[in-house]
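Remarks on the overall topology
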Amino acid sequence: MKDNIAVIGGGMMGMTVALRLSEKGYAVSLYEAADSLGGLASAWQIDGVHWDKFYHVILLSDLYTRKMVKEIGLENETNWVETKTGFYSNGKLYSMSNLIEFFQFPPIHILDKFRLGLTIFAASKMKNWKRLEKIKVEKWLTNWSGRNTFEKIWLPLLKAKLGEHYKETSAAFIWATIQRMYAARKSGLKKEMFGYVSGGYAHILEKLHLHLLSKGIKIYTSHPTQKIQKKENGIEISFSNGKTEKFAQVISTIPSVIATPMICGLEEMEIQKLKKLNYLGVVCTSILLKNQLSPYYVTNITDDAPFTGIIEMAALVDKKYFNGNSLIYLPKYVKATDLFYQKSNEEIEHIFISKLLNMYPQIKKEDILSVKTARAAHVFALPTLGYSGSLTPLKTSLDGLYIVNSSYITHGTLNVNDTVKLAEEAVASFF
Ligand SMILES: Cc1cc2nc3c(=O)[nH]c(=O)nc-3n(C[C@H](O)[C@H](O)[C@H](O)COP(=O)(O)OP(=O)(O)OC[C@H]3O[C@@H](n4cnc5c(N)ncnc54)[C@H](O)[C@@H]3O)c2cc1C
């Protein structure tokens, strides 16, 4: 048996790191603060429905996620569905699911549509993402699509995902988003094929948990790490329950801004860089509705709205998982320090539901069966100008300690596929 290694954080990153290390012969212990594994991918109950706390889909192009799903025996339980995308613009709902609908979309005129199409096509073909890190997303999109299309289409979409922080974000962000969505569409009519595993991420996590145990990985939930320090012949981790354990090597997969203050002995320059990462959080309200809102899995909103968009799970997932009802998600990406994030769940739900009922007059208050709000303070680090150059190495200055988390996904978006890929690449390069 090789060294004993601790992995901190039991999300998809930590679980993948732990699995690959154990396959290489290391003795692995996995520590998670919550009482179950899964992190952002975990599930919860809403009115008897057991589904993802935050919405998730798998794309046909998510080869790393699909490989993992196959390894845990769920390949045949993956369902692929042709989905549709909607746009809510000037108080009306439009389908934007194929090229014909794209050219019929009214808010911008035909020449602007060609430029918009060209922007998406160009981004899908570009390879040099590092060059795009040097230019702000607003400038790049305005150059390609024109000011009018930027204001009418891109700006609401950027604001939805980044709030006012779009101003600091590089063009690599939109490049990575377009690359991912483009890969999701088949050739020809560019239809979307989205996938989910029967039972959702709850099922994936349950199987993955068992798979890790079968590999001999020791899993400790309800074990928040509090301190990480160098000791003779290893690294000591202290947990909030008072326990301490020593390991030859430690890999932290939790957000850098949470991990950094816990680590004793990093170089000052490294601390400054790690602490400087600008994380966005998310507030996400799940609503169980009697009737389906629309045929669209995603509805992008170009009008003013308190939420980022609307994700309707029932447009993808068999309604039997929702007891015949529809499950929708209303997310808003904000910093945890933002006033909106500080609001109570009740206040947020009131704001979101009022707007939803106003946007969809066919839905009545009585149609809402249940409402529940989830939030996460550190979801992804803003890809600012020159982002990849501002990151510290995964192998830290503290001998035996590695930091591997989503902030190191430099030319991808936040998703499980890129998470699994990064975890596997990190294990392959250092162990
Ligand atoms: C709203 C939303 C929608 C999404 N939609 C999709 C989608 O459609 N498709 C897709 O592929 N991906 C999607 N994702 C992204 C996906 O959920 C993430 O990429 C993935 O789950 C990240 O895994 P992770 O392990 O890096 O991070 P996390 O899941 O954040 O895991 C970190 C873990 O560390 C634990 N932790 C924190 N502090 C400590 C501590 N002190 N000690 C021990 N443990 C600690 C946390 O509890 C957590 O379990 C979505 C995410 C969100 C928020």
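Here the residue numbering is sequential within each chain, running from 1 through the sequence in written order. In keeping with the model being predicted, local features are shown solely for residues with a pLDDT of at least 70 and side-chain atom pairs are shown and tallied solely at 80 or more, while totals for entire chains, interfaces and linings include all residues. Side-chain numbers here rest on the full set of heavy atoms in the structure, without hydrogens or water.

1. Considerations on the sheet that holds strand β20 (residues 401-403)
Each strand in a sheet pairs with its neighbour through backbone hydrogen bonds, running either in the same direction (parallel) or in the opposite one (antiparallel). Two strands pair under a simple rule: DSSP has to find at least two bridges between them. Only runs of H or I of at least four residues qualify as helices and only runs of E of at least two qualify as strands under DSSP, and these elements are numbered from the N terminus. If you walk across this open sheet you meet the 5 strands as β10-β2-β1-β14-β20, and the pairing is parallel. Looking at the sheet topology across the chains shown, the edges are occupied by β10 (218-220) and β20. Between one strand axis and the next, the sheet turns through 15° on average, direction left out of account. Two elements, strand β1 (residues 4-8) and strand β2 (residues 27-31), share 5 bridges in a ladder whose sense is parallel. Of the residues in β2, the one forming a bridge with Ile 8 is Tyr 31. An axis is simply a line fitted to the C-alpha atoms; with a helix, the fit covers only the stretch in contact. Between two such axes, the angle follows the N-to-C directions and lies from 0 to 180 degrees.

2. Re the packing of helix α2 (residues 63-71) against helix α14 (residues 416-430)
Where α2 contacts α14, the two axes come as close as 7 Å, and the packing angle between them is 80°. By the angle between their axes, α2 is roughly perpendicular relative to α14. For the pair α2 and α14, contact is made by Leu 63, Tyr 64, Thr 65, Lys 67 and Met 68 and by Val 416, Asn 417, Val 420, Lys 421, Glu 424 and Glu 425, respectively. Tallied by class, residues from the contact of α2 with α14 come to 5 nonpolar, 2 polar and 4 charged. Oblique is the label for any angle not covered by the other classes, which are roughly parallel (under 35 degrees), roughly antiparallel (over 145) and roughly perpendicular (65 to 115). Should any heavy atoms of two residues lie within 4.5 Å, those residues are counted as being in contact. Classification used: nonpolar for Ala, Val, Leu, Ile, Met, Phe, Trp, Tyr, Cys and Pro, charged for Asp, Glu, Lys and Arg, polar for all others including Gly.

3. Side note on the nonpolar core
If you look at the biggest cluster of nonpolar residues, it comprises 64 residues, and the most contacted ones within it are Met 12, Leu 21 and Leu 30. Per element, the largest residue contribution to this core is 7 residues, and it comes from helix α1 (residues 12-23). The contact partners of Leu 21, leaving out residues within four places of it in the chain, are Ile 5, Val 7, Tyr 26, Val 28, Ile 251, Val 427 and Phe 431. Within this scheme, the nonpolar core is defined by two criteria: the residues are buried Ala, Val, Leu, Ile, Met, Phe, Trp, Tyr or Cys, and they are joined through side-chain atoms within 4.5 Å. Type-normalised accessible area, obtained with a 1.4 Å probe on protein chains alone, sets the label of each residue: buried when under 20%, exposed when over 50%, and partly exposed for intermediate values. Among the nonpolar cores identified, the runner-up in size contains 57 residues, and Trp 44, Phe 87, Met 96 and Phe 194 belong to it.

4. A closer look at the layout of surface pockets
Using a probe with the size of a water molecule, rolled over the atoms, empty space left in the structure can be pinpointed. With a 1 Å grid spanning the protein atoms alone, the term cavity applies to any set of points in which a 1.4 Å probe fits but cannot get out, the term pocket to an open set with protein on both sides within 12 Å along at least five of seven lines, and the term lining residue to any residue with an atom within 4 Å of a point. Grid points are joined across faces, edges and corners, and a volume is the space filled by probe spheres set on the points. Taken as a whole, the second largest pocket encloses approximately 610 Å³ of empty space. Considering the residues around the second largest pocket, the lining is formed by 25 residues, among which Ile 409, His 411, Gly 412, Asp 418 and Lys 421 are closest to the centre. When its residues are assigned to classes, the lining of the second largest pocket shows 9 nonpolar, 10 polar and 6 charged.

5. Considering the domain arrangement of the protein chain
Those domain boundaries reflect an automatic or database domain assignment. If you check the domain split of the protein chain, you get domain 1 (4-42 + 200-276 + 385-430) and domain 2 (98-190). One C-alpha centre belongs to domain 1, the other to domain 2; they are set 33 Å apart. With 10 residues of domain 1 at the interface, the matching set in domain 2 holds 12 residues. Buried area between domain 1 and domain 2, summed over both chains or domains, comes out near 840 Å², and the portion from carbon and sulfur atoms is 59%. Buried area: the accessible surface (1.4 Å probe) lost by two parts on joining, summed over both. A per-residue breakdown of the area domain 1 buries against domain 2 is headed by Leu 385, His 411 and Thr 413, which together make up 60% of the total. Pairs of N or O atoms are called polar contacts if they sit within 3.5 Å, as long as, within protein, a hydrogen donor faces a hydrogen acceptor (for residues adjacent in sequence, only side-chain-to-side-chain pairs). The interface formed by domain 1 and domain 2 holds 2 residue pairs in polar contact (both at pLDDT 80 or more) in total. Considering only residue class, the side of domain 1 that touches domain 2 consists of 2 nonpolar, 8 polar and no charged.

6. Re the site of the ligand
Any residue with a heavy atom lying within 4 Å of a molecule or strand is counted as near it. Near the ligand you find 30 residues, and of these Glu 32, Leu 40, Tyr 55, His 56 and Val 416 are the closest. Between the ligand and Glu 32, the relevant distance is 2.6 Å, taken from an oxygen atom to a side-chain nitrogen or oxygen of the residue. Taking Val 57, its main chain carries an N or O atom lying 2.9 Å from an oxygen atom of the ligand. With the chains in place, 90% of the 1000 Å² that the ligand exposes on its own is no longer accessible. Of the residues belonging to the shell around the ligand, the class tally is 18 nonpolar, 10 polar and 2 charged. A 1.4 Å probe and the Shrake-Rupley method give the accessible areas. Residues count as covered only by the protein chains that appear here.

7. Quick notes on empty space enclosed by the protein
Tallied over the full model, the rule gives 3 cavities of 30 Å³ or more. The computed volume of the largest cavity comes to approximately 50 Å³. In this structure, the largest cavity is lined by Trp 51, Asp 52, His 56, Val 57, Ile 58, Gly 195, Tyr 196, Val 197, Gly 200, Tyr 201 and Ile 204. Of all elements in the fold, only β4 (49-52), β9 (192-197) and α9 (200-214) reach the threshold of two or more residues within the lining of the largest cavity. Each residue belonging to the lining of the largest cavity can be placed in one class, and the counts come to 7 nonpolar, 3 polar and 1 charged.

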